[in-house]
Amino acid sequence: MLWSIIKIAVFIALVAGVTLGASFLLELDGGVRIVMAGVEINLTPIKAVIALGVLVFIIWLLMKLTGLLVASLKFINGDETALSRYFDRSRQDKGYRALSEGMLALASGEGEVAMAQAAKAEKYLRKPALTNLITAQAAEMAGNRRKAEEVYKQLLTNEKTRFVGVRGILRQKLAEGDTETALKLAKTAFALKPRHAEVQDTLLDLQAKTSDWKGARETLNAKLKYGSLPRDVHKRRDAVLALSEARDVLDEGKTIEAREAAIEANRLSPDLIPAAVLAARGYIDQGNTRNALRVINKAWLVRPHPDLAAAFAAIEPNESPRQRLKRFSKLLKVHPENRETRLLEAELNLAAEDFPAARRALGTLAEVEPDARALTIMAAIERGEGASDAVVKGWLARALSAPRGPQWVCDKCQHIHAEWAPACENCNSFDTLSWRAPPNSPIATPTGLEMLPLIVGALDEPNSEPVKTEDDTVPDAEIVEEEHMDRAEK
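The structure displayed is predicted, hence computed values, not measured ones.

Conventions and cut-offs
- Residues numbered from 1 in each chain as written.
- Predicted model: local features only at pLDDT ≥ 70, side-chain atom pairs only at ≥ 80, totals over all residues.
- Heavy atoms only, no water.
- Buried < 20%, exposed > 50% of the residue type's maximum accessible area, 1.4 Å probe, protein only.
- Helix = DSSP H or I, 4+ residues; strand = E, 2+ residues; numbered from the N terminus.
- Pairing = 2+ DSSP bridges.
- Expected span 1.5 Å × (residues − 1).
- Patch = residues over 30% accessible without salt bridge, like charges linked within 9 Å, V, L, I, M, F, W, Y side chains within 5 Å.
- Areas by Shrake-Rupley, 256 points an atom, 1.4 Å probe, with all protein chains shown as cover.
- Salt bridge = Lys/Arg side-chain N within 4 Å of Asp/Glu carboxyl O.
- Lys, Arg positive; Asp, Glu negative; His and termini not counted.
- Charge placed at Lys NZ, Arg CZ, Asp CG, Glu CD.
- Phe/Tyr/Trp six-rings, centres within 6.5 Å; stacked < 30°, edge-to-face > 60°.
- Axes fitted to C-alpha atoms, helices over the stretch in contact; angles between N-to-C directions.
- Parallel < 35°, antiparallel > 145°, perpendicular 65-115°, else oblique.
- Left-handed = near helix turned anticlockwise from the far one by under 90°.
- Contact = heavy atoms within 4.5 Å.
- Nonpolar A, V, L, I, M, F, W, Y, C, P; charged D, E, K, R; others polar.

1. Concerning the pairing of strand β3 (residues 407–410)
Turning to step 1, where the next piece is worked out: The alternating pattern of β3 places Gln-407 and Val-409 and Trp-408 and Cys-410 on opposite faces, both of which are buried.
Turning to step 2, where the next piece is worked out: In terms of strand pairing, β3 meets strand β5 (residues 433–436) through 4 bridges, oriented antiparallel. Within β5, the residue paired with Gln-407 across the bridge is Arg-436.
Turning to step 3, where the next piece is worked out: Counting the residues in the hairpin turn of β3 and strand β4 (residues 416–417) gives 5 residues, including Gln-414, whose phi is positive at 65°.

In structure tokens, the structure reads:
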């Protein structure tokens, strides 16, 4: 309100001033006399003021026309002017509009439309760093891999977009299965951006796939350095890589280097069972039974495992079954209720021909948690205690269709492995194998239940069981003993 009053007051004052000025000029005597080229012009004071105003306006108009002429000449010459900036803004508006439409088409899955809009945006904007990326992704979406690779190669020429180009070609080579080229590209991308988590993971997977364990450990250290991997996970995976390196060295026949690498892997992760087994066997080869026992006991304390038991048995390979059972007694007291401990104790008692003790150790595993191993042990116990062939083969028939029990299973794809490996052979996932029963345990043999009539059917007939003498029974028991001694040694 106050501001409106002030504006009105100022307007009135200006009008009053102009009115007073005009009145003063009208009443003023004399005038302005102009003589030029023999022409004389006499102007009254008010006319002189009006003429001065018209002259100033003409001069201003001439200056503007001159500026427009100069700008036109500069525009024609290619220099930057207000006129060129106007057209540039118009082109930018069209270009960014096409760019946004291309991004929307790309998000909608319309590859061909996105490529067309990207080409239009490039025409107006002339910024390949923006448009080439959309073109490449749209070409991949449309299935034009050759076009996508050409565009990614164009991105390599610009330092700002080089990483994007390398990453794009890397993804293409991975899709094509070209592991060798993909590994080189992953190393280049890692050198450009060592903090990039996706590049770190890709490089680590490729190095593990190509058995470049030394390079994989360097990449793993980089993941720890840049904060993309927790320290405890790094320690575990570093142990896995060290163990893998030790196994490769062992395959090459370099036993000393393999032993040192296995010991290093066990030091990094004492609960890694394959590392503990390899380290223990390395100590056994050195004759260092004390350290071998320490490694096995430490790993067994975390989790009992048949490979640890086999390594423990290898410390004294020539002992008798009774001596072995006595030596294993301390190990069996660590986790007495563990399934592996009970199965191991039952096998050791079988080898020592103490069949009642084997039955007590096995307990109800054959009925409550039956698998091929528990049912086979039960068959051996029945044979050792003098049961008929029908009973023994009945247990064996059940073992045919029973699950195999704990195995090395990939936590990601559930693929079952015959032995431990650093990466899954099915999905190539790194450090995903764990010792457990698979979700859907396969049958131990492909014959399955169809074999049951062939095994036990004939024995149900009258007088089909042959008469056995003591001489016939003893060799069978010896066979059972030898089989379970072999199992314990393994």
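After that view, the rundown keeps rolling.
2. Regarding helix α4 (residues 111–125)
Turning to step 1, where the next piece is worked out: In a regular helix each residue adds 1.5 Å, so 15 residues correspond to 21 Å; α4 covers 20 Å between its end C-alpha atoms and thus fits that length.
Turning to step 2, where the next piece is worked out: Phi turns positive one or two residues past the end of α4, at Arg-126, with a value near 55°.

3. Some thoughts on a positive patch on the surface
Turning to step 1, where the next piece is worked out: Together, Lys-94, Arg-97, Lys-120 and Lys-123 make up a positively charged patch on the protein surface.
Turning to step 2, where the next piece is worked out: Mapped by element, the contributors of at least two residues to the positive patch are α3 (82–107) and α4.
Turning to step 3, where the next piece is worked out: Here Arg-97 shows up in helix α3.
Turning to step 4, where the next piece is worked out: On the accessibility criterion, Arg-97 (46% relative accessible area) is partly exposed.

4. A word on the sheet that holds β3
Turning to step 1, where the next piece is worked out: Pairing is antiparallel across the open sheet formed by 3 strands, whose spatial order is β4-β3-β5. What marks the edges here is a single partner per strand, and that holds for β4 and β5.

5. Regarding a nonpolar patch on the surface
Turning to step 1, where the next piece is worked out: Taken together, Ile-50, Val-54, Phe-57, Ile-58, Trp-60, Leu-61, Leu-62 and Leu-65 make up a surface patch of nonpolar side chains, about 780 Å² in accessible area.
Turning to step 2, where the next piece is worked out: Inspection of the secondary structure assignment puts Leu-62 in helix α2 (residues 45–77).

6. Re the packing of aromatic side chains
Turning to step 1, where the next piece is worked out: Evaluated as defined, the whole model comprises 3 aromatic pairs.
Turning to step 2, where the next piece is worked out: Pairing Trp-408 with Trp-435 gives two aromatic rings, centres 5.3 Å apart and planes at 65°, and the pair type is edge-to-face. Placement of the pair is Trp-408 in strand β3 and Trp-435 in strand β5, with a sequence separation of 27 residues. No difference in accessibility class separates Trp-408 from Trp-435, as the two residues are buried.

7. A few points about the environment of Ala-191
Turning to step 1, where the next piece is worked out: With respect to the helices and strands, Ala-191 occurs in helix α8 (residues 179–192).
Turning to step 2, where the next piece is worked out: The sequence separation of Ala-191 and Phe-163 amounts to 28 residues, and the corresponding C-alpha distance is 9.6 Å.

8. Quick word on helix α9 (residues 197–209)
One turn of an α-helix holds 3.6 residues; hence residues three or four places apart share an orientation.
Turning to step 1, where the next piece is worked out: With 13 residues, α9 should reach 18 Å at 1.5 Å per residue; the first-to-last C-alpha distance of 18 Å fits that figure.
Turning to step 2, where the next piece is worked out: Along α9, the residues that are buried comprise Val-199, Gln-200, Thr-202, Leu-203, Leu-204, Leu-206, Gln-207 and Ala-208.
Turning to step 3, where the next piece is worked out: Of the residues flanking the end of α9, it is Ser-211, one or two places downstream, whose phi is positive at about 60°.

9. Focus: the packing of α8 against α9
The description of two packed helices rests on the angle between their axes and on the distance between the axes.
Turning to step 1, where the next piece is worked out: Contact geometry of α8 with α9 gives a least axis separation of 9 Å together with a crossing angle of 140°. Considered as vectors, α8 and α9 are oriented oblique to each other. Between α8 and α9 lies a crossing whose hand is left-handed. On α9, the residues touching Thr-179, Ala-182, Leu-183, Ala-186, Lys-187, Ala-189 and Phe-190 of α8 are Val-199, Gln-200, Leu-203, Leu-206, Gln-207 and Lys-209.
Turning to step 2, where the next piece is worked out: Within the contact of α8 with α9, the residues separate by chemical class into 8 nonpolar, 3 polar and 2 charged.

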